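# Overview (structure and organization)
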Amino acid sequence: MAVEKMSIAKALNESLRKALETDPKVLIMGEDVGKLGGVFRITDGLQKDFGEERVIDTPLAESGIVGTAIGLALRGYRPVVEIQFDGFVFPAYDQIVTQLAKMHARALGKVKMPVVVRIPYAGGIGAVEHHSESPEALFAHVPGLKVVSPSNPSDAYWMLQQAILSDDPVIFFEPKRRYWDKGEVDTDAIPDSLHTARVAREGSDITLAAYGPMVKVCLEAAAAAAEEGKSVEVVDLRSMSPIDFDGLQVSVEKTRRLVVVHEAPVFLGTGAEIAARITERCFYHLEAPVLRVGGFHAPYPPARLEDEYLPGLDRVLDAVDRSLAY
Amino acid sequence: MAVEKMSIAKALNESLRKALETDPKVLIMGEDVGKLGGVFRITDGLQKDFGEERVIDTPLAESGIVGTAIGLALRGYRPVVEIQFDGFVFPAYDQIVTQLAKMHARALGKVKMPVVVRIPYAGGIGAVEHHSESPEALFAHVPGLKVVSPSNPSDAYWMLQQAILSDDPVIFFEPKRRYWDKGEVDTDAIPDSLHTARVAREGSDITLAAYGPMVKVCLEAAAAAAEEGKSVEVVDLRSMSPIDFDGLQVSVEKTRRLVVVHEAPVFLGTGAEIAARITERCFYHLEAPVLRVGGFHAPYPPARLEDEYLPGLDRVLDAVDRSLAY
Amino acid sequence: MTVESTAARKPRRSSGTKRAAGAASAAKAPAAKAAATAQNAEPQLVQLLTPEGERVSAADNPDAAEFLSFVEDITTEDLRGLYRDMVLTRRFDGEATALQRQGELGLWASLLGQEAAQIGSGRALRDDDYVFPTYREHGVAWCRGVDPTNLLGMFRGVNHGGWDPNTNNFHLYTIVIGSQTLHATGYAMGVAKDGADSAVIAYFGDGASSQGDVAEAFTFSAVYNSPVVFFCQNNQWAISEPTERQMRVPLYQRAQGFGFPGIRVDGNDVLACLAVTRWALERARRGEGPTLVEAFTYRMAAHTTSDDPTKYRRDEETAAWEAKDPILRLKTYLLASGGADEAFFEALEAESEALGKRVREVVRAMPDPDTMAIFENVYADGHALVDEERAQFAAYLASFEEGH
Amino acid sequence: MTVESTAARKPRRSSGTKRAAGAASAAKAPAAKAAATAQNAEPQLVQLLTPEGERVSAADNPDAAEFLSFVEDITTEDLRGLYRDMVLTRRFDGEATALQRQGELGLWASLLGQEAAQIGSGRALRDDDYVFPTYREHGVAWCRGVDPTNLLGMFRGVNHGGWDPNTNNFHLYTIVIGSQTLHATGYAMGVAKDGADSAVIAYFGDGASSQGDVAEAFTFSAVYNSPVVFFCQNNQWAISEPTERQMRVPLYQRAQGFGFPGIRVDGNDVLACLAVTRWALERARRGEGPTLVEAFTYRMAAHTTSDDPTKYRRDEETAAWEAKDPILRLKTYLLASGGADEAFFEALEAESEALGKRVREVVRAMPDPDTMAIFENVYADGHALVDEERAQFAAYLASFEEGH
Ligand SMILES: Cc1ncc(C[n+]2csc(CCOP(=O)(O)OP(=O)(O)O)c2C)c(N)n1
Ligand SMILES: Cc1ncc(C[n+]2csc(CCOP(=O)(O)OP(=O)(O)O)c2C)c(N)n1
Ligand SMILES: [Mg+2]
Ligand SMILES: [Mg+2]
């Protein structure tokens, strides 16, 4: 390999393969990750090549999956757990927030929890209930967890490598509706640090901050705005815990305006924290309040309504206009 | 009764008693709520007077408690569930966010979920791990739930009445370290609406917003600040979902400065949403960024450190000073 | 909405004794015979109609004898009714699969192969019983009188559940695995509190048996002696995982360790499913508490239309189960016993066609929900934030209409 | 840190066959005799030393015979060692209760009455075995060589767990009920992957048996055939709730429905607990998978020092259990059999005194943690937000020192 064009799904698969090859302690666990290769085929072929002892089909019990992964980590393994869909992570929530997140601190640093919890998340795929949610804020609020989400194949490959290498638990949100988006992956590159924001497009009038599936929407919005003569900078945050406020601050001090975009409900979503903190950091720089575009305070709607529910080009541009109008 | 001085604990007990007397469909469920009367004695004497069919000691399984409460609600009952401590709500998190919060919407309004989940929460009682947490943001972010917390006996009595009367699920956070604080309760009064903020102390220089256990700290801070000639308004939010932004806005437009105080970690705590939204609503009124005082991004520490971890008088006053310095 | 019912819906009233909660002691709980069946080390299957279409007599199989009494009242007409239920359910299911392929549905979870388990158990219920399904109980819905087109809304993506659960005592489909077993248990606790003699049935799958919620439902129902039947359709697969990934011994045995009887029934035998479910429901009505029924059956189709079973299971396995087809065996019996003639089958074929046509038409005509429905029913009593967001969004939408 | 060990620590090596994961079939798993004991409808208790201090012989009780072989090697010296362990554990426990009353600890969870269950099972372990305790396993900690004063940190509020789990293969106390059974299962899965022949033991309570996590641990360990022993101390109470609120039939029976053996042992009989745990551990080492041991015992004290049992339980019940005291019965036996003389008991009394004194001194000298410890060990690899908050808080604290 080296530089190759591939989808996010393929990049994740390659990244898992690399991890399994490199470190015999790495395990893959989850429902249907074996022969089926996962419902999104992210683990395709891995059980065949690495065996049932390393790529483990688990009983249908998310608390059990994460709880046993914790035990395996205590024994020196590095489990990479797959939760089949966003809406099915909640049975494991107790083990994640009460045990996984706190074990290192509880043990005064004497044990480590190198567990990655992969979660295909967010909407836009026309799915039934519970298959389109964006629960990242519910993890980012919890001390002890790291929370990241790649937006492109290169990040998918490298961020997953880094998450697996991390000695801390990482909740790894995969933007499922972008799984088939392609891009170049350089498997020899030296990647950015896992928690650094990246300027995905430079601009001078306003900053759009997003991560995961919404980066693409923001880039499209920036392109559309450019046609109207507005110069929009897009920051791909990549990490929701920690958030690279230093990086974002640089952008906002330049553009003096910020709109945060995510699929999760706006109320207490990550945009709330970003708005609060950037306002504090950039109080004298901001020409407009930080605006947020996101999901409504309502359960994720049936598929036929998701295009209206999800932040799209128009809603992002509307927020850009509202911000620029200040 | 009518007007009587009592503790928050007693007010909650009286409120439950009143509900059991008034509506035969009201049930109390939880671990040790029967003979023991709960570890905080909030249900003291209720099983004796209303029987085991209405005040139900449950198996030690929080998911089971909330899950069966949902079933009972579907059958027409109005269960009031007790979770023994904040840190033990997570095994029930799936049932709460996936089922309890969404059932009404899922059924297009055809079923209702009048379930109250009572949670003694927050710290300051010198307890061991998991007994001092403030997970309110993890519920307030979830559409379909209502989230409230009383700060005084009168609110404890009336807000619990209202929560039980509500046809929506209400997560009712009880400030455990204030259980024994006394105040007057008028059981004939016509209470404010459940989700209205209340000005607990009037002031003109700056607004402190808090709820539950931190209202007292804010009132003390306001008193201390008054001695230094600063006029601090204290708003008791009472409800974290919805938040009474209209009420808070009135205060902030007057004082032009806001500090939000809660025990939960600042990062993605309710203060983030308040800062973001009040900044948007009051952009041209604010003389200083909304500041937040709260827990750190760390697991709740061992008891001997909690005084440092928890927002106290000094940290609140420090934030007041910082705000006023803008 | 209700559909015409046919067979086996005559309510079987309980003995009349009102349930006294907790009256039955745990020790007395298991019906002696059934428990004996359930406790043998070698998994025994209650079967009343063989794959070859022959009825099992008490003489053939003493274990079956007790259960035969539960279907004594079933007439030939009733049998035709059960047959009709299965055929129409299968037809509806096939139609839905086709509609998914045509893009009218986003997804479909087929019950193909599980008709007997669903119709047999579904027809054992009284109107005042209450059902908590998973997402695959189209046959049970049929028995409850839920218009099948109502089931399609969520798979089309126009709603998350299109029926009023209380109209037919049939709860909404539950997608998160296992959750509904606790709802059923709570509902049954309420039934007992009310002093009613109705029962509750919770459906779940072999995979679901691994979820902690299901074990908690077992515990709660055992402790409160609740009138609930746990009906597991062990269709051998949880998506790509065979039952060996979920359990080490047959599932029905799990009940005993929680203090109530478990029993395995041939899930492709509609008569046996009817009998065993009736037995379990009567236990519940008599105040004897929960029962676990494991219907041993097979998921003939893919997990859902999104699934590709060739990745993980062998054709031979599926073929072997085809020989046990639940519809075929009843047809063979009806033909051999003279219980139905060609005219019956032809009329049923016509009825199937009509059902298929109606389903197609209704689905295609199903309107998309109004955009503003996003904000409806989030709360029963209203919520300021929802009101605010609704108003903002309405203004935003209006801004386009004004030509901005 | 380690403390001097005494009895029964000679490792019992397994037969030498390395575990081949999944090699043992579920059907073969239960040791014939033990399973028979476990399957009787009337709960049977493995007992090797009666409350009256008499040893049970194979002739007295054929059921006990198999387990007698597991303690054949126990010498009189070993018995004195077990006795010493129990006495010192009780003394330490009493000291901690007193320290709580004096305000030195915020809380204490006493093991009073459960010494035999903990010492018996704890002494069955090899050094390379791994223990997952609840919050009450002070006696097991003692057996593992964890300095008892280490246990007090979390109850004093200076940390959430003061020992390195890997020093003595004794995991931190787990407060959230049931969680640790899954950690133990996962750890055991790892042991099996490593091809090691050590075993894992998970402690939990009768109340914990209701938690979904425990059932999931049963499922995972059964499916992966993991070398784990689930050791339940059924002390009759979960705070104020008697076992009837958690289960309808004796707990040990639950294992069978998950495909592995369960057995009930007299939890106040240190010999029986030792024997049964050794048996279960050997099964694990031999690759035969999990076992559930239910130690039938009693919580003689309050749930914790915050609890008031007079609210919910009768004195007569507690009195009845006093007659079954685990320490008393071994003392009676040692005295009657001449296994120990007065000098032994006197020396032990002195040792107890010394232990008590040391515990008091160490606890009183335990320093409060440094304030900035709040920010330590939140992450292993660091986190920008923690760094920022640490710096801000340090500056804030410094502002006071500067005299602001
Ligand atoms: C909590 C949860 N985890 C995972 C899923 C994804 N999922 C949907 S169906 C299914 C398999 C269910 O198997 P089983 O219980 O046997 O029912 P069947 O589909 O065979 O009827 C899985 C894993 C889910 N819906 N909920
Ligand atoms: C998930 C959870 N819920 C509730 C509690 C509160 N709690 C602490 S101990 C206890 C009773 C435990 O009973 P049991 O399992 O029998 O253990 P024992 O205390 O008797 O040793 C309860 C309810 C908890 N720690 N964790
Ligand atoms: Mg299945
Ligand atoms: Mg107990």
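In what follows, the structure referred to is the one given above.
Position numbers for residues count from 1 along each chain, tracking the sequence in the order it is written. Chain letters and ligand numbers both follow the written order, the letters beginning at A and the numbers at 1. The model is predicted, so local features are restricted to residues of pLDDT at least 70 and side-chain atom pairs to those at 80 or more, both for listing and for counting; the totals for chains, interfaces and linings are taken over all residues. Computation of side-chain values: all heavy atoms of the structure, hydrogens and water removed.

## Some thoughts on the coordination of the magnesium ion (ligand 4)
Residues and elements named next belong to chain D. The magnesium ion (ligand 4) binds to the protein through D206 (OD), N235 (OD1) and W237 (O); the donor distances cover 2.1 Å. Each donor residue of the magnesium ion (ligand 4) belongs to the same chain, and together they define the spacing D-x28-N-x1-W. Of the two residues, D206 is situated in the loop between β2 (200-205) and α8 (212-224) and N235 in the loop between β3 (228-234) and β4 (237-238); the sequence distance between them amounts to 29 residues. The burial state of D206 is the same as that of N235; both residues are buried. Each metal's donors are the N, O and S atoms found within 2.8 Å of it, except that Na, K and Ca use a 3.2 Å limit; water is left out, so coordination can look incomplete. What counts as a helix is a DSSP run of H or I of at least four residues, what counts as a strand is a run of E of at least two, and both are numbered from the N terminus. Exposed residues in this analysis have more than 50% of their type's maximum accessible area, buried residues have under 20%, and partly exposed residues fall in between, with area computed by a 1.4 Å probe over protein chains only.

## Topic: the relation of the copies chain B and chain A
All copies are superposed by least squares; the fitting set is the C-alpha atoms of residues with a pLDDT of at least 70 in both. Least-squares fitting of chain B to chain A yields an RMSD of 0.0 Å, with the superposition described by an axial translation of 0.0 Å and a rotation of 180°. In symmetry terms, the pair is related by a two-fold rotation axis. For this analysis, residues touch if any pair of their heavy atoms sits within 4.5 Å. Take the interface residues of chain B: 100% of them recur as interface residues in chain A, which is what a same-surface contact looks like.

## Regarding the site of ligand 2
In the vicinity of ligand 2, 20 residues are found, and the nearest of them are E62 of chain B together with Y135, R136, G207 and W237 of chain D. One finds residues of chains B and D in close proximity to ligand 2. Between N or O atoms, a polar contact is any pair within 3.5 Å; within protein, one atom must be a potential hydrogen donor and the other a potential acceptor, and residues adjacent in sequence are included only when both atoms are from side chains. A distance of 2.5 Å separates a nitrogen atom of ligand 2 from a polar side-chain atom of E62 of chain B. Contacts to ligand 2 include D206 of chain D, whose side-chain N or O atom sits 2.9 Å from an oxygen atom. All accessible areas in this document rest on Shrake-Rupley with a 1.4 Å probe, and a residue is counted as covered only by the protein chains that are shown. Across the complex, the protein chains shield 95% of the 580 Å² of accessible surface that ligand 2 would expose by itself. For this scheme, ten residues count as nonpolar: Ala, Val, Leu, Ile, Met, Phe, Trp, Tyr, Cys and Pro. Four count as charged, namely Asp, Glu, Lys and Arg, and the remainder, Gly too, count as polar. Class assignment for the residues of the shell around ligand 2 results in ten nonpolar, six polar and four charged. Any residue with a heavy atom positioned within 4 Å of a molecule or strand is treated as near that molecule or strand.

## A look at the site of ligand 1
Among the 20 residues in the neighbourhood of ligand 1, the closest are listed as E62 of chain A together with Y135, R136, G207 and W237 of chain C. Here a nitrogen atom of ligand 1 sits 2.5 Å away from a polar atom, N or O, in the side chain of E62 of chain A. In this structure, an oxygen atom belonging to ligand 1 sits 3.4 Å away from a side-chain N or O atom of H303 of chain C. For ligand 1, whose free accessible area comes to 580 Å², the fraction covered by protein is 95%. For the shell around ligand 1, the class distribution of residues is ten nonpolar, six polar and four charged.

## Digging into the coordination of the magnesium ion (ligand 3)
Residues and elements named next belong to chain C. Donor atoms from the polypeptide that bind the magnesium ion (ligand 3) are D206 (OD), N235 (OD1) and W237 (O), placed at 2.0 to 2.1 Å. Ordering the donors of the magnesium ion (ligand 3) by residue number gives the pattern D-x28-N-x1-W. With D206 in the loop between β2 (200-205) and α8 (212-224) and W237 in strand β4 (residues 237-238), this pair connects stretches of sequence that are 31 residues apart. D206 gets classed as buried once you look at its relative accessible area, which sits at 1%. Take W237: its relative accessible area is 8%, and that puts it in the buried class.

Any link to function would need more than the numbers given here.
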